[in-house]
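Chain residues, written in single-letter form:
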Amino acid sequence: MIKFFLMVNKQGQTRLAKYYEHVEINKRTVLETEVLKSCLFRSNEQCSFIEFKDFKLVCRRYAALLIVVGVNDTENEMAIYEFIHNFVEVLDEYFSRVTELDIMFNLDKVHIILDEMVLNGCIVETNRARILAPLLILDKMSES
């Protein structure tokens, strides 16, 4: 099960944070700082899976963005690694080559995409057309 989903830039600024288990606000900041220390400065040659406290971290870097997913010990790391890639492909399809600015200025849409893919920490949808369908309907409604 997914515990949290973080998207940060190279400077360590959080661009997206979604928690699927309750974590108090002041503890979230500490957790994010510790997680980023573990993941941000890893080289490409280092493993993308990290044992961290009582869960695992799955990290994947895309240009200026780093995506970190915290999962419990029973979760398949490769499945989460591919889930991250699928998430970025969906963003690329919707935004036509997604950038950090797209995420910052369309955070609501990014949350909708993530919510279509993950429900209560479980991956429920991977089909790009089904994930983007609600957003495309919203876009048509806003144009009208």
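Residues numbered from 1 in each chain as written. Predicted model: local features only at pLDDT ≥ 70, side-chain atom pairs only at ≥ 80, totals over all residues. Heavy atoms only, no water.

**Q** Where do I start with a nonpolar patch on the surface in this structure?
**A** Side chains of Leu-101, Met-104 and Phe-105 sit close together on the surface and give an oily, nonpolar patch of about 330 Å² of accessible area. Here Phe-105 is to be found in helix H3 (residues 100–105). Since its relative accessible area comes to 62%, Phe-105 is described here as exposed. (Patch = residues over 30% accessible without salt bridge, like charges linked within 9 Å, V, L, I, M, F, W, Y side chains within 5 Å. Areas by Shrake-Rupley, 256 points an atom, 1.4 Å probe, with all protein chains shown as cover. Salt bridge = Lys/Arg side-chain N within 4 Å of Asp/Glu carboxyl O. Helix = DSSP H or I, 4+ residues; strand = E, 2+ residues; numbered from the N terminus. Buried < 20%, exposed > 50% of the residue type's maximum accessible area, 1.4 Å probe, protein only.)

**Q** Before we go on, may I ask you to explain unusual backbone geometry in this structure?
**A** Keep in mind that most residues, glycine aside, have a negative phi and that most peptide bonds are trans. A positive phi angle, close to 50°, is found at Ala-63, a residue other than glycine. Note on placement: Ala-63 falls in the loop between strand S4 (55–62) and strand S5 (65–71).

**Q** I would appreciate a short explanation of the packing of aromatic side chains in the present structure.
**A** Think of a pair of aromatic rings as described by two things: how far the centres are apart, and how the planes are tilted against each other in angle. Throughout the structure, instances matching the rule amount to seven aromatic pairs. Between Phe-4 and Phe-55, the ring centres sit 5.6 Å apart and the planes meet at 85°, which makes this aromatic pair edge-to-face. You can see Phe-4 sitting in strand S1 (residues 2–9) and its partner Phe-55 sitting in strand S4, a full 51 residues away along the chain. Judged by its relative accessible area of 2%, Phe-4 is buried. Under the relative-accessibility criterion, Phe-55 is labelled buried at 7%. Among the aromatic residues, those joined into a ring-pair cluster are Phe-4, Tyr-19, Phe-52 and Phe-55. (Phe/Tyr/Trp six-rings, centres within 6.5 Å; stacked < 30°, edge-to-face > 60°.)

**Q** Looking at this structure, how should I read the side chain of Glu-125?
**A** By secondary structure assignment, the location of Glu-125 is in the loop between strand S7 (122–123) and helix H5 (128–143). Judged by relative accessible area, Glu-125 falls into the buried class, the value being 18%.

**Q** When you look at the nonpolar core in this model, what are you seeing that I'm missing?
**A** Side chains of a nonpolar character, in soluble globular proteins, are inclined to be buried together. Ranked by size, the top nonpolar core spans 29 residues in total, and within it Phe-5, Met-7, Phe-87 and Ile-113 carry the most contacts. The set of elements that each furnish at least two residues to this core consists of S1, S5, helix H2 (77–95), helix H4 (107–117) and H5. Here the element with the most residues in this core is H2; it accounts for nine residues. Membership of the second largest hydrophobic core comes to 16 residues, among which are Val-35, Cys-39, Ile-50 and Phe-52. (Core = buried A, V, L, I, M, F, W, Y, C linked by side-chain atoms within 4.5 Å.)

None of this, on its own, says anything about what the molecule does.
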